[in-house]
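Understanding the architecture of this molecule
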Amino acid sequence: MRPEFTQLSHSEPVLAMQSSLHTPSKMPLLCAPSWLYLSLQTLKSQSKAGLLLPGKCLQFSAPCCSIHSLKLERTLCLSHKTRTAAFQDASAISSDTAESDVLKALSQIIDPDFGTDIVSCGFVKDLEIDEAQGEVSFRLELTTPACPVKDMFEQRANEVVAMIPWVKNVKVTMSAQPARPVFAGQLPAGLQTISNIVAVSSCKGGVGKSTVAVNLAYTLAGMGARVGIFDADVYGPSLPTMVSPENRLLEMNAEKRTIIPTEYMGVKLVSFGFAGQGRAIMRGPMVSGVINQLLTTTEWGELDYLVIDMPPGTGDIQLTLCQVVPLTAAVIVTTPQKLAFIDVAKGVRMFSKLKVPCIAVVENMCHFDADGKRYYPFGRGSGSQVVQQFGIPHLFELPIRPTLSASGDSGIPEAVADPQGEVAKTFQNLGVCVVQQCAKIRQQVSTAVTYDKSIKAIKVKVPDSDEEFLLHPATVRRNDRSAQSVDEWTGEQKLQYTDVPEDIEPEEIRPMGNYAVQITWPDGFNQIAPYDQLQTIERLVGVPETAPA
C-alpha cells in the first residue's frame, strides 16, 4: 500500500500505513482494518541510527489486534521525496522546541537593575543550537562592559542551559552594546559615540571633587569600561597633577581640525592644563568658548563613560556644560561642614532645574581612625543632610587618608595604586552605583514616551514617576509651543486647530536628554515636547487595553 499523510491531533503530521492482516481462519478480529502509525520523530531517530535510508526498505513487525498475537511482517518502501519532506518538518519542529527550551531557561535570569529577565531585555544574541550534538552557543550583549553582575550572568546562563536534558555543551560569550548616546539632537561629532556623560560637581572648591572624579574614572576603567576624563576647570586645572601621561600636550589634527586627547593607563584625558597654557586668565564668555571647544571637538572615540570634573560654582561654565552636553547624571561631592552643604545645595538645585538627575553623594574627609577610636574633625551630617533633603539615593563616605592625598600629588590615582585598599573599595562601590543608575536612567528615558499603533495613542511614563498615561497624537501636535506654531512676539497661535488632522500619527519619537522627546511628524516637522508640558496636556481615558499576542 502507498503511505499517506493524515492529521491525527493538533498539528503533528504522522505517517499512516495501512497493512493487510493475515489471520487464521475463524479468528474474529477485535478491530477493523488495523493502522500502524509511525511518527515523524520516530522516523527521524531511525534515520539517525541508520535504520531508515533513502532508497532502502524498512522491514518491521507489529502485533495484530486480535485474540491471538499474530506476527505481522510487511516490507514498506518509502519514496525519497516523501521521507525528505517528513525529515524537514520534523527538524523544523525540533529546532523550534529546542530554541524555546533555551530561551525559557534563560528567562529565569533576572536583571537586578531593570527587574526584567535577560531575554525580555534583549540581551540574548546569536543563538545557535545543534540538537544532534547537544551543543548550544549564544552571546549576552549587556548595556555596558562595566556591568557589575556580568560574571553572575555568565555563570547562571551556563548553569540553567546545562540543566536542559538534551544539552551536553554550553558556550556563552559576553559582550556590550556599542557606545551611543540617548540624546537625539544634533550632537557634535566628538560626542556622538559616548554612551554616558557623568558630571562630578560640588559647587565649592577644595572638597576633593577632582580626587573623586579621577578615582571614579579609573575605577570604571578597572571594571572593563572605556572611559575618558574632561577637566572643565580652566582657571585651576587639577588633572595634570593627578595623572602622569607620557605625552603631556594635546595634539591637533590639522585636517579634521580636531583635538587628539592624551592618555594614561587606558583612560583618555583632556584638560586646559595639557594645552601648554597653564592656567587661564580670561573673562567668563571666553572661558565658556574654550570649554565648549575642548569638549566638543575632541576625538573621544567610543566611550562608555565620560567623567567631567566640573569647576566650582553655578555660573556660565556650569550652565554651558549642562545645556550643551547631554549629561546622563551627576555625582555630588561635599564635606561634613555646614558651609559646604550650603554651596552644594545650590548645585543640586541647578542640576534639578536642568533635569540632570543626581545619583550619589560622596562625603569626603568625613573621619579618621586613631587609638582604636573614630574621630570626626569637621563634624558630621552634611552628606546625609543632602541625601535626605534632596532625595538622592546613595551616600558614600571617604575617610581622611594620607595615602589618598599623596596619590593625588604623585600622579597615580589611589584606585590604581592600592586597588585592594579601603579607599579603593569605596570607589568600587561608587562605580557600581554609577553603572547601575546610568543604566536605569537610559532605560527609563528610552521608554518614557512611545507610540502604540494598535490603540493610536502616545504612551507617557515620565522618569522617576510611577504614573503612566495616554495622549492623543493630534492633541500633542496642537500643543506645540515653538516659533513655528506660536508667534514669539505676540503670543498669537499660528497653528490652527483644523491644521492638524485627527488621524495624524508620529513617524518617530526619540529622547532628548532627560527632559524631553523629539517627535517627527509626517509633514517633516520636528516637535520638541518637554516632559513637563506632556504632563499638562489633556489625556485620553477609557482606551481599551491591547490584546496580548
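Structural data are supplied above this passage.
Residues numbered from 1 in each chain as written. Predicted model: local features only at pLDDT ≥ 70, side-chain atom pairs only at ≥ 80, totals over all residues. Heavy atoms only, no water.

This part covers the overall build of the protein chain. Looking only at helices and strands, the protein chain features 14 helices and 28 strands. Looking at the protein chain residue by residue over its 549 residues, the buried ones come to 45%. The long-range fraction of contacts in the protein chain, counting pairs at least 24 apart against all pairs at least 6 apart in sequence, stands at 65%. Counting every atom, the protein chain has about 28200 Å² of accessible surface; 51% of that belongs to carbon and sulfur. (Helix = DSSP H or I, 4+ residues; strand = E, 2+ residues; numbered from the N terminus. Buried < 20%, exposed > 50% of the residue type's maximum accessible area, 1.4 Å probe, protein only. Contact = heavy atoms within 4.5 Å. Areas by Shrake-Rupley, 256 points an atom, 1.4 Å probe, with all protein chains shown as cover.)

Note: α-helices contain 3.6 residues per turn, so residues at a spacing of three or four share the same orientation. Among the residues of helix 7 (residues 316–324), those classed as buried are Ile317, Gln318, Leu321 and Cys322. Angular distribution of buried residues about the axis of helix 7 spans 125 degrees; they occupy a single face of the element. (Arc of directions from axis to C-beta.)

Read across the open sheet, the three strands follow the order 8-9-10; overall the sheet is mixed. The sheet terminates laterally at strand 8 (124–130) and strand 10 (169–176), the two strands that pair on one side only. Going from strand to strand, the sheet's axes swing by 10 degrees on average, the running direction of each strand aside. Two elements, strand 8 and strand 9 (residues 135–142), share five bridges in a ladder whose sense is antiparallel. Paired with Val124 across the strands is Leu140, a residue of strand 9. Each of strand 9 and strand 10 touches helix 3 (residues 150–162); the most contacted strand, strand 10, lies at about 155 degrees to it. (Pairing = 2+ DSSP bridges. Axes fitted to C-alpha atoms, helices over the stretch in contact; angles between N-to-C directions.)

Counting 102 residues, the largest nonpolar core has Phe230, Ile308, Phe351, Leu430 and Leu534 as its most contacted members. No other element matches helix 12 (residues 422–446), which puts nine residues into this core. If near-sequence neighbours (up to four positions away) are discounted, Leu430 is found in contact with Val212, Leu216, Val331, Ala360, Val362 and Phe396. Counting residues in hydrophobic clusters, the runner-up holds 23 residues, among them Val136, Val149, Val160 and Trp166. (Core = buried A, V, L, I, M, F, W, Y, C linked by side-chain atoms within 4.5 Å.)

Space left empty within the atom packing is revealed by a probe, the size of a water molecule, rolled over the atoms. Scanning the entire structure with this criterion turns up six cavities of 30 Å³ or more. For the second largest cavity, the calculated volume is near 80 Å³. Lining the second largest cavity are 13 residues, and of these Asp111, Asp113, Thr143, Cys147 and Ala439 sit closest to its centre. (1 Å grid on protein atoms, 1.4 Å probe; cavity = no way out; pocket = protein on both sides within 12 Å on 5 of 7 lines; lining within 4 Å. Points joined across faces, edges and corners; volume = space filled by probe spheres on them.)

Now for the sheet that holds strand 19 (residues 358–363). Across the sheet, eight strands lie side by side as 15-16-12-17-11-18-19-22; this open sheet has mixed pairing. Whereas interior strands pair on both sides, the edge strands pair on one side only; in this sheet they are strand 15 (262–264) and strand 22 (395–397). In this sheet, neighbouring strand axes are inclined to one another by 25 degrees on average, regardless of whether the strands run parallel or antiparallel. Judged from the six bridges that link them, strand 11 (residues 194–201) and strand 17 (residues 303–309) form a sheet pairing that is parallel.

Look at helix 8 (residues 338–353) against helix 9 (residues 382–390): their axes get within 10 Å of each other, and the N-to-C directions meet at 30 degrees. Note that helix 8 runs across helix 9; the crossing there is right-handed. In this structure, helix 8 uses Phe341, Val344, Ala345, Val348 and Arg349 to contact helix 9, whose residues at the interface are Ser382, Gln385, Val386, Gln389 and Phe390. In terms of residue class, the contact of helix 8 with helix 9 is made up of six nonpolar, three polar and one charged. (Left-handed = near helix turned anticlockwise from the far one by under 90°. Nonpolar A, V, L, I, M, F, W, Y, C, P; charged D, E, K, R; others polar.)

By the definition in use, this model includes 16 salt bridges. Between Arg139 and Asp126 there is a salt bridge; the shortest N-O distance is 2.9 Å. With Arg139 in strand 9 and Asp126 in strand 8, the pair connects residues that are 13 residues apart, well separated along the chain. Note that Arg477 and Asp523 form a salt bridge whose closest N and O atoms lie 3.5 Å from each other. Linking Arg477 in helix 13 (residues 473–478) with Asp523 in the loop between strand 27 (516–520) and strand 28 (526–530), this pair joins segments that are 46 residues apart in sequence. You can call Asp523 exposed: its relative accessible area is 53%. Salt bridges sharing common partners tie together Asp126, Arg139 and Glu141. (Salt bridge = Lys/Arg side-chain N within 4 Å of Asp/Glu carboxyl O.)

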